[in-house]
Amino acid sequence: MKKIAYYLVPVVLCLIAGLVAGRLQAESLAEWYPLLNKPALTPPDFVFPIAWGIIYICMGLSLGRVLQYGDKRYVTLWFLQLAVNFLWSVFFFYVRSPLAGFIDILVLDVLVIVYIVLVRRRTPSAAWLFAPYLLWILFATYLNGYILVANQTDKSVTQTVLRTDADSISNNKTQQTMKHTLPRLPYETDALAPKMSAETFEYHYGKHLQTYIDNLNKLIEGTPYAEMPLDEIVRKADGAIFNNAAQTWNHTFFFLTLTPDQQPMPEKLAEALARDFGSVENFKETFTKTAVGLFGSGWTWLAQTPEGKLVIVSEPNAGNPMTQGMKPLLTVDVWEHAYYIDYRNRRAEFVKNWWDLVDWQKVAERL
């Protein structure tokens with residue numbers, strides 16, 4: 001049992017570090033990383049988690065061999081390189097600093113080479129288990145260095161105008177050849193406090209939405225999508241272009257459906273909700289349950305089918321009911337960045353307070 005623990009514990013530690021690092025990387029892999037200038041031999045994104053998974057297992061087995069032979073002199077060095085490995089994900093993907101990542105990975109190269117040289121004298125098999133890791137991080141050093149150099153001169157994205165009408169976001173034909181900018185809000189960023197704080201708007205509206213817009217502008221440059229209105233891009237694109245276009249559309253729609261001065265729900269909207277959900281209260285209860293229960297990140301929508309029926313649709317990630325031929329009427333953003341500053345992990349409380357900010361007049365106008 002003790003021998004099994006020698007191998008199992010370090011492998012589990014590696015995989016935990018990998019899962020946490022992957023969590024830090026997830027948003028950047030969708031938003032930031034695809035926009036960087038990378039060398040032609042860069043593998044597809046799906047290769048990275050596969051490679052790291054195999055390498056982490058080898059790393060854990062290497063330490064297991066060292067422990068099995070009773071030589072614990074190199075355990076500290078092994079843990080140190082794992083920590084530096086983890087910090088690279090923080091610096092490169094989370095902080096989004098190629099320079100900090102490059103410095104970190106150079107330190108990692110040195111630590112891994114020193115580990116291999118030292119353990120080779122005592123346990124050659126432990127050194128050989130680290131060989132794939134060394135090759136991979138040397139490639140990562142090259143990739144990080146290339147990105148650092150190649151992106152130094154590409155700091156800005158030219159922007160023009162995005163229409164922000166609640167019912168026709170970016171649909172005017174005169175706007176088609178223009179790129180997109182942050183929409184102008186019909187209220188001050190502190191007007192929805194305390195249910196949504198000014199700090200939440202600073203990050204959610206000012207940074208997250210701005211990043212999606214910046215990414216979209218860069219991704220569509222020189223493509224047929226540059227000539228399309230935003231809603232058409234959402235319907236036709238896929239991959240990174242869809243993710244950033246849909247997130248731009250979704251967020252704009254979301255922010256423009258909020259108000260600090262909520263008015264009673266118009267009668268025609270209340271009647272439509274009662275018709276399809278039994279009552280307004282039943283609709284709110286079902287919508288809340290759906291939004292709170294959505295696994296991971298995404299959006300919950302009130303949408304209208306082509307036949308005119310109102311339905312609740314839950315979409316993961318950047319999903320939008322327009323891609324299914326439906327008309328969005330209302331949405332709530334249940335990505336953690338929408339509520340974490342004010343509510344931490346209390347999504348249910350966020351959704352409960354969000355109801356008090358819905359502009360029912362705009363929702364009714366979309367029917």
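Since we're looking at a predicted model, the values are computed, not measured.

## A word on the pairing of strand S2 (residues 310–316)
Of the pairings in the sheet, the one linking strand S1 (residues 298–304) to S2 comprises seven bridges and is antiparallel in character. Within the sheet, the bridge partner assigned to glycine 298 lies in S2 and is proline 316. In sequence, S1 turns back onto S2 through a hairpin of five residues, with glycine 308 there showing a positive phi of about 95°.

## Things to note about the sheet that holds S2
Think of a sheet as strands paired side by side through backbone hydrogen bonds, with each pair either parallel or antiparallel. Reading across from one edge, S2-S1-S3 is the order of the three strands in this open sheet, with antiparallel pairing throughout. Bordering the open sheet on either side are S2 and strand S3 (327–333), each of which pairs with just one other strand. Going from strand to strand, the sheet's axes swing by 25° on average, the running direction of each strand aside. Where helix H9 (residues 239–255) meets the sheet, its contacts fall on S1 and S3, and the angle it forms with S3 comes to roughly 85°.

## A short note on the confidence of the model for the protein chain
For the protein chain, per-residue confidence averages 85 on the pLDDT scale, and residues scoring 70 or more make up 89% of the total. Per-residue pLDDT stays below 50 along residues 153–168; that stretch engages in 44 contacts with residues further than four places along the chain or on separate chains. Taken as a whole, residues 170–177 scores under 50 in pLDDT and shows 17 contacts with residues more than four places along the chain or in a different chain.

## Things to note about the environment of leucine 99
Considering the arrangement of structural elements, one finds leucine 99 in helix H4 (residues 98–122). Looking at leucine 99, the relative accessible area reads 48%, which means it is partly exposed. Considering only alpha carbons, one finds leucine 99 and isoleucine 147, 48 residues apart in sequence, at a separation of 9.2 Å.

## As for unusual backbone geometry
A cis geometry characterises the amide bond from alanine 193 onward to proline 194, with omega recorded as 5°. Along the chain, the position of proline 194 falls in the loop between helix H6 (131–150) and helix H7 (198–220). The phi torsion at asparagine 317 lies on the positive side, around 55°, for a residue other than glycine. Within the secondary structure, asparagine 317 sits in the loop between S2 and S3. The residue arginine 344 is not glycine, and still its phi comes out positive at about 55°.

## Quick notes on a nonpolar patch on the surface
On the surface, Ile4, Leu8, Val12, Ile16 and Val20 cluster together to form a nonpolar patch covering roughly 420 Å² of accessible area. Position of valine 12 among the secondary structure elements: in helix H1 (residues 2–31). By relative accessible area, valine 12 is classed as partly exposed at 37%.

## A closer look at the side chain of histidine 204
Turning to its location among the elements, histidine 204 is positioned in helix H7. In this structure histidine 204 comes out as buried when scored by relative accessible area, which is 1%. Polar contacts involving the side chain of histidine 204 include one to the side chain of aspartate 333, which spans 2.8 Å.

## A short note on the packing of aromatic side chains
All chains considered together, the criterion is met by 27 aromatic pairs. Arranged with centres 5.4 Å apart and planes meeting at 65°, the rings of phenylalanine 287 and tryptophan 355 form a pair that is edge-to-face. Highlighted residues: phenylalanine 287 in helix H11 (residues 280–293) and tryptophan 355 in the loop between helix H13 (347–354) and helix H14 (360–365), separated in sequence by 68 residues. Like tryptophan 355, phenylalanine 287 is buried. Site record: aromatic cluster; members linked through ring pairs are Tyr187, Phe201, Tyr205, Trp249, Phe253, Phe254, Phe255, Trp299 and Trp301.

Definitions and limits used
Residues numbered from 1 in each chain as written. Predicted model: local features only at pLDDT ≥ 70, side-chain atom pairs only at ≥ 80, totals over all residues. Heavy atoms only, no water. Pairing = 2+ DSSP bridges. Helix = DSSP H or I, 4+ residues; strand = E, 2+ residues; numbered from the N terminus. Axes fitted to C-alpha atoms, helices over the stretch in contact; angles between N-to-C directions. Contact = heavy atoms within 4.5 Å. pLDDT = per-residue confidence, 0-100. Buried < 20%, exposed > 50% of the residue type's maximum accessible area, 1.4 Å probe, protein only. Patch = residues over 30% accessible without salt bridge, like charges linked within 9 Å, V, L, I, M, F, W, Y side chains within 5 Å. Areas by Shrake-Rupley, 256 points an atom, 1.4 Å probe, with all protein chains shown as cover. Salt bridge = Lys/Arg side-chain N within 4 Å of Asp/Glu carboxyl O. Polar contact = N/O pair within 3.5 Å; in protein donor to acceptor, adjacent residues only side chain to side chain. Phe/Tyr/Trp six-rings, centres within 6.5 Å; stacked < 30°, edge-to-face > 60°.

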